[in-house]
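Architecture and fold: a report
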Amino acid sequence: MDAIVQFLRNALCTVKNFNVLGDSFLYDPNVTARYYNFPPPLDQTTPLEILISFTQLYALITVSISGYKLFANSGVKKLQLISRLVSVQVERNDDDDVKKDKNEVVARRIVTESLLEESDVAIRSFFVGVNVFAIGISFFWLVANSYHITSTNWIGGVAGLINALTVAEIALLVLLYYMIKDARKAMRKASEMKKFASKISKSKGYSDVDSLTVEEFGWLSEGDDNSTSPFFWASGDIASNTATDGKMLTKAEDAVASKLAALAKNVDSNVAEAILAKSEVSRFEGLREYVYLVINLFAFYGYASCILVYYFQDENNQPNFIDWLGNAVG
């Protein structure tokens, strides 16, 4: 739904920029006045601008909520959970004097590494969420601009609009950086999955668990009858509490150790093929991210140009493609 509304919003803005159907009711503020009498200068609002404002209002609400959930739930609350689990894990390592077998030792290492990796994911979610929230809030000034409110000094005027767009562009620049990282990660993952699939296809069982990474364990575990990941902290479950943290970690380690023992005896021949197929999916996702990156770079350039033009001494000297480039490419 979000993608549809975003496409509709950019399409309507492009229609306005190109003055498509310029002689129709879409550009007549008198049509708006038949249904509601806005005070000046809001009375210049056209039906097309009202349609655009609805899509901008949708973005204001949904993007802001999405950003808040990302930095609050997937960021702050997840970090609190991981911090608590890591503390419990350290205490368990200090108090546990029982001699463990190889699989149990490796299982504890994998669980610990998974916790540390998820803490990095949570930090990223917090940072990305803050930037997404900033982009969502900036739509407040875009909605106001559609109703010509920025022609007044109520919320900072045109300068307020430009400042809001500047904040959104800075936040978008951060997201573009992470888009590059995601694309590179997906391509690297595809290459590593192919190598790993080739490696396990040459043996009946997988006994080289000492060097097994969290990511590789996940690949080997996919497709099990019990597909539930033992890493509950990575699945979005943040409902655990201090009283049960130790038990949940023990349960996770037992599940990993049990899986490692099973893998040492036999690796399903279909697993290698499944990993190989998923590597192609990962490669496609990486290429898709690069395509999105190029498109968003054009959109970023178009919107940034509109901001820079505001500071020109003579706005009439701006290139004629500036007004529509951001919306058309976006």
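I will try to describe carefully the structure that is included in this document. Treat the numbers as computed from the prediction; the structure is a model and nothing was measured.

1. A few points about the packing of aromatic side chains
- Counted under the stated rule, the structure contains 9 aromatic pairs.
- With centroids separated by 6.3 Å and ring planes inclined at 70°, the aromatic side chains of phenylalanine 127 and tyrosine 178 adopt a geometry described as edge-to-face. Here phenylalanine 127 is found in helix H4 (residues 102-146), whereas its partner tyrosine 178 is found in helix H5 (residues 157-200), with 51 residues between them in sequence.
- Take phenylalanine 127: its relative accessible area is 41%, and that puts it in the partly exposed class.
- Accessibility expressed as a relative area gives 13% for tyrosine 178, which makes it buried.
- A ring pair is formed by tyrosine 177 and tyrosine 178, whose centres lie 5.3 Å apart and whose planes are at 65°; its orientation type is edge-to-face.
- Tyrosine 177 gets classed as partly exposed once you look at its relative accessible area, which sits at 47%.
- Pairwise contacts between aromatic rings join Tyr68, Phe71, Phe126 and Phe133 into one cluster.

2. A few points about the nonpolar core
- Core analysis: the largest hydrophobic core is formed by 28 residues, its most contacted members being Ile110, Ile200, Leu260 and Ile275.
- When residues of this core are traced back to their parent elements, those giving at least two are helix H3 (47-95), H4, H5, helix H6 (214-221), helix H7 (242-265) and helix H8 (269-310).
- The dominant element in this core, judged by the number of residues it contributes, is H7, at 6 residues.

3. Considerations on the environment of glutamate 104
- Locating glutamate 104 in the fold gives a position in helix H4.
- Since its relative accessible area comes to 32%, glutamate 104 is described here as partly exposed.

4. Some thoughts on H6
- A large share of H6 lies buried, amounting to 6 of its 8 residues.
- Looking at H6, one finds that the buried residues are Val214, Glu216, Phe217, Trp219, Leu220 and Ser221.

5. Here we look at unusual backbone geometry
- A cis geometry characterises the amide bond from proline 40 onward to proline 41, with omega recorded as -5°.
- Its location among the elements puts proline 41 in the loop between helix H2 (29-33) and H3.
- Located in the positive-phi region is histidine 148, a residue other than glycine, with phi close to 65°.

6. Description of the pattern of salt bridges
- Inspection of the entire model under this criterion finds 9 salt bridges.
- Taking the shortest distance from any N to any O, the salt bridge between lysine 78 and glutamate 118 comes out at 3.2 Å. Within this pair, whereas lysine 78 is found in helix H3, its partner glutamate 118 is found in helix H4, the two being separated by 40 residues in sequence. Here lysine 78 and glutamate 118 have matching classes, each one buried.
- Between arginine 188 and glutamate 215 there is a salt bridge, and its shortest N-O distance comes to 4.0 Å. In this pair, arginine 188 sits in helix H5 while glutamate 215 sits in helix H6, placing the two residues 27 residues apart along the sequence.

What counts, and where the lines are drawn
Residues numbered from 1 in each chain as written. Predicted model: local features only at pLDDT ≥ 70, side-chain atom pairs only at ≥ 80, totals over all residues. Heavy atoms only, no water. Phe/Tyr/Trp six-rings, centres within 6.5 Å; stacked < 30°, edge-to-face > 60°. Helix = DSSP H or I, 4+ residues; strand = E, 2+ residues; numbered from the N terminus. Buried < 20%, exposed > 50% of the residue type's maximum accessible area, 1.4 Å probe, protein only. Core = buried A, V, L, I, M, F, W, Y, C linked by side-chain atoms within 4.5 Å. Salt bridge = Lys/Arg side-chain N within 4 Å of Asp/Glu carboxyl O.

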